[in-house]
Amino acid sequence: MRGYNPVTEGHPKQIAKLAEAINNAHRPLLYVGGGVISGNAAAELTALARKAQIPVTTTLMGLGAFPETDPLALRMLGMHGSVAANLAVSHCDLLVSVAARFDDRVTGKISQFAPKAIKAHIDIDPSAIDKSVTTDIPVVGHVLQVLKSLIGQVKPVERSAWLK
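Residues numbered from 1 in each chain as written. Predicted model: local features only at pLDDT ≥ 70, side-chain atom pairs only at ≥ 80, totals over all residues. Heavy atoms only, no water.

Engineer: How do you make sense of the overall build of the chain when you look at a structure like this?
Structural biologist: Scanning the chain from N- to C-terminus turns up seven helices and six strands. For the chain, the sequential pattern of α-helices and β-strands runs α-β-α-α-β-β-α-β-α-β-β-α-α. For 164 residues, the compact-globule estimate of 2.2 N^0.38 gives 15 Å, and the chain sits close to it at 14 Å. Along the three orthogonal principal directions, the C-alpha set of the chain runs to about 45 × 35 × 30 Å. (Helix = DSSP H or I, 4+ residues; strand = E, 2+ residues; numbered from the N terminus. Rg over C-alpha atoms; globule rule 2.2 N^0.38 Å.)

Written as structure tokens, this is what we have:
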């Protein structure tokens with residue numbers, strides 16, 4: 001649309017803050033939406049998840065953004081989701097929403113959604129940040145650009161206890 005000029009790069013300090021949170025997390029979880037597919041960022045998402053050994057859950061629109069046969073795949077989250085995905089969101093210490101909105105079919109009662117987690121949200125639309133779930137680490141930018149920057153700052157971490 002004419003006059004629509006979204007931020008694409010993402011703020012470097014916010015990306016660094018998110019990378020630090022991922023590097024320090026014991027039980028991180030990636031919550032992935034359809035924006036990863038429309039943003040052509042599936043390869044980068046997969047690279048991030050595998051490098052940092054972070055399990056991945058998706059929205060309905062995010063199906064296909066991450067290989068469902070990958071050992072890190074937990075399938076869909078929410079009322080129509082898998083038990084593993086819902087348990088993971090309840091026990092994670094860092095929840096990173098990647099181009100996904102926090103739909104009420106996913107969150108349920110917001111006060112009980114990811115109660116132990118620092119919440120981060122990557123989205124190109126600043127109005128989507130804090131819309132229904134308050135986030136601790138907002139990153140506004142195009143998902144492809146943000147993930148590329150994030151991959152370079154995230155360290156490989158062994159998380160076998162969390163993955164088990």
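Engineer: What is the right way to read the sheet that holds strand β6 (residues 137-140) from this model?
Structural biologist: Strand pairs in the sheet, formed through backbone hydrogen bonds, run parallel or antiparallel to each other. Sheet architecture is open: six strands sit in the order β3-β2-β1-β4-β5-β6, paired in parallel fashion. Edge positions in the open sheet fall to β3 (73-76) and β6, since each of these has one partner strand only. The sheet shows a mean angle of 15 degrees between the axes of neighbouring strands, taken without regard to direction. Where strand β1 (residues 28-32) and strand β4 (residues 94-98) come together, five bridges link them in parallel fashion. Its bridge partner lying in β4, Tyr31 is registered against Ser97. Lying on the sheet, helix α6 (residues 143-153) is in contact with β4, β5 (118-123) and β6; it crosses β5 at an angle near 130 degrees. (Pairing = 2+ DSSP bridges. Axes fitted to C-alpha atoms, helices over the stretch in contact; angles between N-to-C directions. Contact = heavy atoms within 4.5 Å.)

Engineer: It is not clear to me how the environment of Arg2 should be interpreted in this structure. Could you clarify?
Structural biologist: With respect to the helices and strands, Arg2 occurs in the segment before α1 (12-24). Taking C-alpha positions, Arg2 is 27 Å from Lys148, a pair spaced 146 residues apart along the chain.

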